[in-house]
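# Summary of the model geometry
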Amino acid sequence: MSEAGVREHKPRPLNQRVLLVGLAVVAPLVAVLTMNLGRNPHVIGSPLVGRAAPDFSLRPLDGGEPVTLASLRGRPVVINFWATWCVPCFQEHALLVSTARSLAERARFIGVIYEDSEEQVRGFLARQGSAYPSLVDPGSRTAIAFGIFGVPETFFIDAEGRIAAKHVGPLDAQSLEAKLRQAGLAP
Amino acid sequence: MTAAIGRNLVLLALLVSTVGAVVAAATAARRSAAGWAWTRRLAYLFALSMIAANGLMVWALLARDFSVSYVAQVGSRAVPDWVAVVSLWSSLEGSILFWGLVIGAYVGVATWANRDRHPEYMPWAVAVWLACGAFFAFLLAGPAQPFQSVSPVPADGAGPNPLLQNHLLMAIHPPFLYLGFVGMTIPFGLASAALLTGRLGHDFLRPLRTWLMLPWTFLTVAIVLGGWWAYEVLGWGGYWAWDPVENASLLPWLTATAALHSALLSERKGVLKGWTVTLVLATFLLTILGTFMTRSGVFNSVHSFTQSAIGPTILVFLVLALAWSIALLALRIDRLAAEGTIEPALGRDSLFLVNNLLFVLFTFTVLLGTVFPLLVEALRGVQMSVGRPYFDRMAVPLGVALLLLMGVGPALPWGRATPAQVRQALVPPLVGAALLAALGAALGVRRPWTLVALAFGGYTVQVTLRELWLPLARRRRAHGESLGQALVEAGFVRGRRRLGSYLVHAGAAVVIVAIAVSSTMGESREAQLRVGEKTEVGDYTLTFVAVDQVSEPHREAVVARVAVSRAGRELGVLSPRMNQYERQREPIGTPAVRSSLFEDLYLSVMNIDPASGQLDLLAMVNPMVGWIWAATALMALGSLVALVPSRADTRL
């Protein structure tokens, strides 16, 4: 095989140096990336959990007296910040409506409209159904008081008016149930 | 209905890419001609199904078909049609779909271009390309499904991220970035094929270099377009922040640039083949790392997409690609034996090695700075940022050294140079160095690093111009041609790669000098103004004339009208503004830039109150920023010149 002018060259089956250097560069990198995988740098835990919920007095969309948080004391309260333009809100809507209907007197549900027009919300609720009041939040003051990052965000408030839990993103049946328990709902 | 068709197209892409990868690998192992025909058909079918899936999504976005989940998420009736099209890559699932389009197109074109060439390598290459394609088709079929059905169908959607609607550049930067990132799959496949066959012949280095240079060109343009966008939109007056995701795009660029140079040495001297292949593999791996960084939520950045199952899936792919690359290198690198040697003396060959060393050092520096904060947080739970000081301290000497090398390397002859040759080559360009440094000093440059950059820039520009001129002069002497004839013959017909490369060098030298000058020689001022008041920055006088409120279909804007004059001469009115998009709480500022040949006047609204008429204005004079954009265009032009196949290639 060896031709004139070409050095005799016998390839080793495995170049161990290349293997070791490669692993030495790559292994720590992969380890660091994996360790950080579950982390979300955008999530900041709410300092409000465990404290009294900020009070508000907001007008319901379909008219009537303003709703205040103080008036809801005595039962767990679920406050859902949402908008019609938010696809995850759309996804959790049916669950919230059916849970609100089935719990009726044992817990109160409140929707707070986040950056949306009243007609849009009326149209949405007419099509998708509703079981609890949606409150208009002028200038997003209440959303700011609750420290909303984006919608949907849902707060679970216990009978004494303390924030027991918070959920970011669309609710599913398990987390809704678990967080209602945290807010003191009897099973 | 639309969603179901889209899902089926994605499934078709997944099926043909998986089957195609298997068929291609079997073809490569058995050298079957019929297998190669089937491999090609499956590769084209993969390309077509990805193109069709993207066409369908664009149609759904334009038709505002909110029954498709991705359209429901990013579509809106309120946005203009160009924004609707751009929404294709504005959000996570769509960006992966667009990735599929680009990989499909690349695989289709690269397979077609090499259908009759390199029969021993190509089936392996196509196998690797289709395996990568299958991964992205899998992402689209599972974790990043953009074609889910939404029921009941919402009446309207939220529209894409307003930052994407704020400037036309955002329609151009991402496609270029994808063409650069995804395109690195092609050289990755070719390099893998070289390792799998255990050969990297002279004939195969050409396509490797060409298919590396094409995405390199797109990536170069994309990185600078990203900087330009930041400059024109974000309003802080800069174009580069060492943001993790900016670094993610720079890392593969650095290794690809190193690979282009080492491939040239492999081609000319038959050396460094294993090293060239390693750099090509590393480039691809860094693009996947970059993709992971933007899509995993691990890094906090303006570029981040939201967190999802896509992150872990990409990490798995990264680990597989890393394992594949390391195993392949360890098993086969020894077969890519050198056919020549590098002169162990001062000459162009040895400076190629220095070039590679500097680029690799640069890569590790940036990689370390990007990943280090993650390490600290994982170990100690503290959020920290390495930030600009580290990067600037490391990048400035490296950039300046590369600038000098770009002058010294091409000045020296190949092989071993005698001391007299070295003197003859290296002394004359000192004139250019002295001239540019003196010019800078006369214009007020005092910082040592900026002066050094100017001197090295002058040196390199003189060498580059001489190298561009030499072939012309030789032809004119030898053939008695006119200047025009000589230019066409020497530049475009015969020495196209050479001409192209030196145009790229000229552009790169100007970019580095312009970065050095613009980042150290600017002036800035923050002022609080009421209507009628003036402020000054540089030799400009700025008068706050009025506040206007402008209503556009998808946004409201508060616009500050600022009259600009210099030395008593009116230069017109600049209108920096604050845009308020529907459904976004925070307004987004858009600066106003007045560019002239040597400097930009840059006005940005920090805050504006239409009621009281008070304006907080950031005013800057940024010298030479426009040169970065122009010189990048020169680099792109140069690499296009080098990429056009020459006569010799078309004969093959």
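What you are looking at is a predicted structure, and each value in this text was computed from that prediction instead of being measured. (Residues numbered from 1 in each chain as written. Chains lettered and ligands numbered in written order. Predicted model: local features only at pLDDT ≥ 70, side-chain atom pairs only at ≥ 80, totals over all residues. Heavy atoms only, no water.)

This part takes up the pattern of salt bridges. If the charged atoms of two oppositely charged side chains come close together, the side chains can form a pair. Residues and elements named next belong to chain A. Overall, the coordinates contain 17 salt bridges over all chains when judged by the stated rule. Of the charged contacts in the structure, one is a salt bridge between Glu-105 and Arg-75, with a shortest N-O distance of 3.6 Å. Of this pair, Glu-105 sits in the loop between α2 (87-103) and β4 (108-113) while Arg-75 sits in the loop between β2 (67-68) and β3 (77-82), and the two are 30 residues apart along the sequence. Judged by its relative accessible area of 62%, Glu-105 falls in the exposed class. Overall, Arg-75 belongs to the partly exposed group, its relative accessible area being 25%. (Salt bridge = Lys/Arg side-chain N within 4 Å of Asp/Glu carboxyl O. Helix = DSSP H or I, 4+ residues; strand = E, 2+ residues; numbered from the N terminus. Buried < 20%, exposed > 50% of the residue type's maximum accessible area, 1.4 Å probe, protein only.)

Attention now goes to the sheet that holds strand β9 (residues 599-609) of chain B. All names here are of chain B. Taken in spatial order, the 4 strands make up an open sheet running β1-β10-β9-β8, and their pairing is antiparallel. Strand pairing shows two members of the sheet lacking a second neighbour, β1 (523-530) and β8 (592-595), which therefore form its edges. The mean inter-strand angle of the sheet, taken between neighbouring strand axes irrespective of direction, is 20°. (Pairing = 2+ DSSP bridges. Axes fitted to C-alpha atoms, helices over the stretch in contact; angles between N-to-C directions.)

How two helices sit against one another is set out by the angle between their axes and by the gap between those axes. Residues and elements named next belong to chain B. Where helix α2 (residues 33-62) contacts helix α5 (residues 92-113), the axes come no closer than 8 Å and their chain directions differ by 150°. Our classification of the angle between α2 and α5 gives roughly antiparallel. Judged by the twist between their axes, the crossing of α2 over α5 is left-handed. Where α2 approaches α5, its residues Trp-36, Arg-40, Ala-43, Tyr-44, Phe-46, Ala-47, Met-50, Ile-51, Ala-53, Asn-54 and Met-57 are matched on the opposing element by Leu-97, Phe-98, Gly-100, Leu-101, Ile-103, Gly-104, Val-107, Gly-108, Thr-111 and Trp-112. (Parallel < 35°, antiparallel > 145°, perpendicular 65-115°, else oblique. Left-handed = near helix turned anticlockwise from the far one by under 90°. Contact = heavy atoms within 4.5 Å.)

Take the packing of aromatic side chains next. Given two aromatic rings, one states the distance between the centres and the angle between the planes to describe the pair. Residues and elements named next belong to chain B. Considering all chains together, one arrives at 28 aromatic pairs over all chains under this definition. Aromatic pair Trp-242 and Phe-391: ring centres 4.8 Å apart, planes at 10°, arrangement stacked. Of this pair, Trp-242 sits in the loop between α10 (202-234) and α11 (244-269) while Phe-391 sits in helix α15 (residues 387-411); the two residues are 149 residues apart in sequence, bridging distant segments of the chain. Note on Phe-391: relative accessible area 3%, which makes it buried. The rings of Trp-89, Phe-98, Trp-99, Phe-135, Phe-136, Tyr-178 and Phe-317 are connected pair by pair, giving a single aromatic cluster. The residue whose ring lies beneath Arg-41 is Trp-38, and the NZ or CZ to ring-centre distance is 4.7 Å. The residue whose ring lies beneath Arg-115 is Trp-112, and the NZ or CZ to ring-centre distance is 4.3 Å. (Phe/Tyr/Trp six-rings, centres within 6.5 Å; stacked < 30°, edge-to-face > 60°. Lys NZ or Arg CZ within 6 Å of the ring centre and 35° of its normal.)

This part takes up α10 of chain B. All names here are of chain B. Compared with the 48 Å implied by 1.5 Å per residue over 33 residues, the 47 Å span of α10 between its first and last C-alpha is a close match. Counting buried residues in α10 gives 25 out of 33 residues, a clear majority hidden from the surface. Phi turns positive, to about 85°, at Gly-235, one or two residues after α10. (Expected span 1.5 Å × (residues − 1).)

Residues and elements named next belong to chain B. Here Arg-64 lies in the loop between α2 and α3 (69-74). At 2.8 Å, the side chain of Arg-64 and the side chain of Asp-81 are in polar contact. Arg-64 has contacts with Val-71, Ser-76, Arg-77, Val-79, Pro-80, Asp-81 and Ala-84, leaving out every residue within four places of it along the chain. (Polar contact = N/O pair within 3.5 Å; in protein donor to acceptor, adjacent residues only side chain to side chain.)

Residue and element names in this part refer to chain A. Pairing analysis gives 2 bridges linking strand β1 (residues 57-60) to β2, with the strands arranged antiparallel. Bridging across to β2, Ser-57 finds its partner in Thr-68. Here β1 hands over to β2 after 6 residues, with Gly-63 in that stretch at a positive phi of 85°. Bridge count between β1 and strand β5 (residues 134-136): 2 bridges; the pairing is antiparallel.

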